[in-house]
Structure formats: structure tokens, C-alpha cells
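# Structural features, examined
Chain by chain, the residues run as shown.
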Amino acid sequence: DAGITQSPRYKITETGRQVTLMCHQTWSHSYMFWYRQDLGHGLRLIYYSAAADITDKGEVPDGYVVSRSKTENFPLTLESATRSQTSVYFCASSVSRTGGNTEAFFGQGTRLTVV
Amino acid sequence: AQRVTQPEKLLSVFKGAPVELKCNYSYSGSPELFWYVQYSRQRLQLLLRHISRESIKGFTADLNKGETSFHLKKPFAQEEDSAMYYCALHSGNTGKLIFGQGTTLQVKP
């Protein structure tokens, strides 16, 4: 299916385990983003990527690792999960960096619980 | 620093009442501002962008550079407007897209 998809939709993991959240888009958008959504904090940017092999930190990158070996995939890894990383994670993509066409398209989210 | 502030976590109004969701930003440059909406159990989606000066579902937003604001307004709220609204700032230099804390709009019958 065309669009942007995240997997898994729901994940429960234990403290200290490594977890990888997947994000795949079919539009060949240059930009991809990872956000976490928490009550009282809204959406906070974790990492973003301008193109394959180009990634940069967002507002809350600590404890997370990303990679972008292919344009269409942007996985997010929690190296050693902590309870404070319990959240809903959203992936997004957009066409370009400048101009009015910077609309971001979002995945359906991954609800991660760290116990 | 690039920052977006939405001071209200919850805005509750009656159907037919005017609505204004506040958004203030901090950005050293020409900002690109957006409003996104998340309806219950749906994905976040674009509502409107300042550059096109459009009206979507009766909502409008005007960029006020002097007050560094981009408030979202609607003259007559409808129950179907109940959702979470996010103001977002895009940096043309870095490509970074930053969101505010979000405001839940609750429209009561």
C-alpha cells in the first residue's frame, strides 16, 4: 500500500532491552522524522533525516539511535529501553525542505510500553 | 532557538461559539507555520499552512510577525471540530519541523 507505515503498532518490552521501531514510506520523500507524543509535552522531535545517510538530532535524542541506509526506511532504535521512553512514537515524511510544500505525512503511530 | 508554544492544554466551548487556539513561536528568520489536527483514532494531518492563506473547514490563521503568533480561529465551532490541534514551525534552513504542546479542543453540544 502507498503511504507511510509504522511497525509494530503496539509493543511491550522490558527495561534494558533493545527495541527497534520501523518506518517505511513509498513516496520517496527526502525528509523523514521521528517524534514522541506525551501528555503535557505534545510532539517532540527525536531525530530527523534529510536524505539517505544524513541524520540529525532533534529535541530529545538521548537514548535513541537512527539510521537511513535507504530513502524509504527510517528505523528508530532504543538501545536500552527505560520506563521514561514509554510513549507513542510517530514517524513522518515530507517532500522538501523549503517552500509551502513542506507538508508532513504521518504514520499511524507505535504505542511502546517499557515495563 | 526554534520554539513553538501553545499555552492552553484544553479549550472547551459550546457548539456555535467562536474558537481561538493560541500559538506563539520563536524563530530567527522567516517562519513557515502550520496547523495540524489529530482526530480521535486518526493520523495527524495538515489543517492549514500560513503560506497559502487558505481557510479549511472554516478555520483560518494569520501570521503576526510582530507578536510572533499564529493563532487558529473559527467563528462558529462544530462538534466535529473536537480534536487535538498542533501548531508547527518548519525551518527552511535545516528542514527541522517542530511542534507545540498541542491543544485539545472540546466542542460541547
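Preceding this paragraph is the structure being described.
First, a word on what this report is: a plain description of the structure on this page. All of these numbers come straight from a predicted model, not from anything done at the bench.

A tally of helices and strands in chain B yields zero helices and 11 strands. Put simply, chain B runs from its N terminus to its C terminus through helices and strands in the order β-β-β-β-β-β-β-β-β-β-β. By principal-axis analysis of the C-alpha atoms, chain B measures approximately 45 × 30 × 25 Å. In chain B, which comprises 109 residues, the share counted as buried stands at 48%. At a minimum sequence separation of 6, the contacts of chain B that also span at least 24 residues come to 59%. Once the 14 positive and 9 negative side-chain charges of chain B are each reduced to a mean point, those two points are 6 Å apart.

We now examine the sheet that holds strand β8 (residues 72-74) of chain B. All names here are of chain B. Read across the open sheet, the three strands follow the order β3-β8-β7; overall the sheet is antiparallel. Single-partner strands in this sheet number two, and they are β3 (19-21) and β7 (60-61). Here two bridges tie β7 to β8, and the two strands are oriented antiparallel to one another. Following the sheet pairing, T60 is matched in β8 by K73.

This part takes up the pattern of salt bridges. Applying the stated rule across the entire model yields seven salt bridges over all chains. The closest approach of N and O atoms between B:R49 and A:E103, which form a salt bridge, is 3.4 Å. Of this pair, B:R49 sits in strand β6 (residues 45-49) while A:E103 sits in the loop between β9 (87-94) and β10 (104-106), each in a different chain. Given the relative accessible area of 16%, B:R49 is considered buried.

All names here are of chain B. Along strand β11 (residues 103-108), the buried face is formed by T103, L105 and V107; none of T104, Q106 and K108, which line the opposite face, is buried. Of the pairings in the sheet, the one linking strand β2 (residues 10-14) to β11 comprises five bridges and is parallel in character. Paired with L11 across the two strands is L105, which belongs to β11. Here three bridges tie strand β9 (residues 83-90) to β11, and the two strands are oriented antiparallel to one another. In the strand pairing of β11, A83 is matched with L105.

For the rest of this paragraph, the subject is unusual backbone geometry. Residue A:P8 follows A:S7 across a cis peptide bond; omega there is -10°. Note that A:P8 resides in the loop between β1 (4-7) and β2 (10-13). Even without being glycine, B:K57 reaches a positive phi, approximately 55°. Along the chain, B:K57 turns up in the loop between β6 and β7.

The rules behind the values
- Residues numbered from 1 in each chain as written.
- Chains lettered and ligands numbered in written order.
- Predicted model: local features only at pLDDT ≥ 70, side-chain atom pairs only at ≥ 80, totals over all residues.
- Heavy atoms only, no water.
- Helix = DSSP H or I, 4+ residues; strand = E, 2+ residues; numbered from the N terminus.
- Buried < 20%, exposed > 50% of the residue type's maximum accessible area, 1.4 Å probe, protein only.
- Contact = heavy atoms within 4.5 Å.
- Lys, Arg positive; Asp, Glu negative; His and termini not counted.
- Charge placed at Lys NZ, Arg CZ, Asp CG, Glu CD.
- Pairing = 2+ DSSP bridges.
- Salt bridge = Lys/Arg side-chain N within 4 Å of Asp/Glu carboxyl O.

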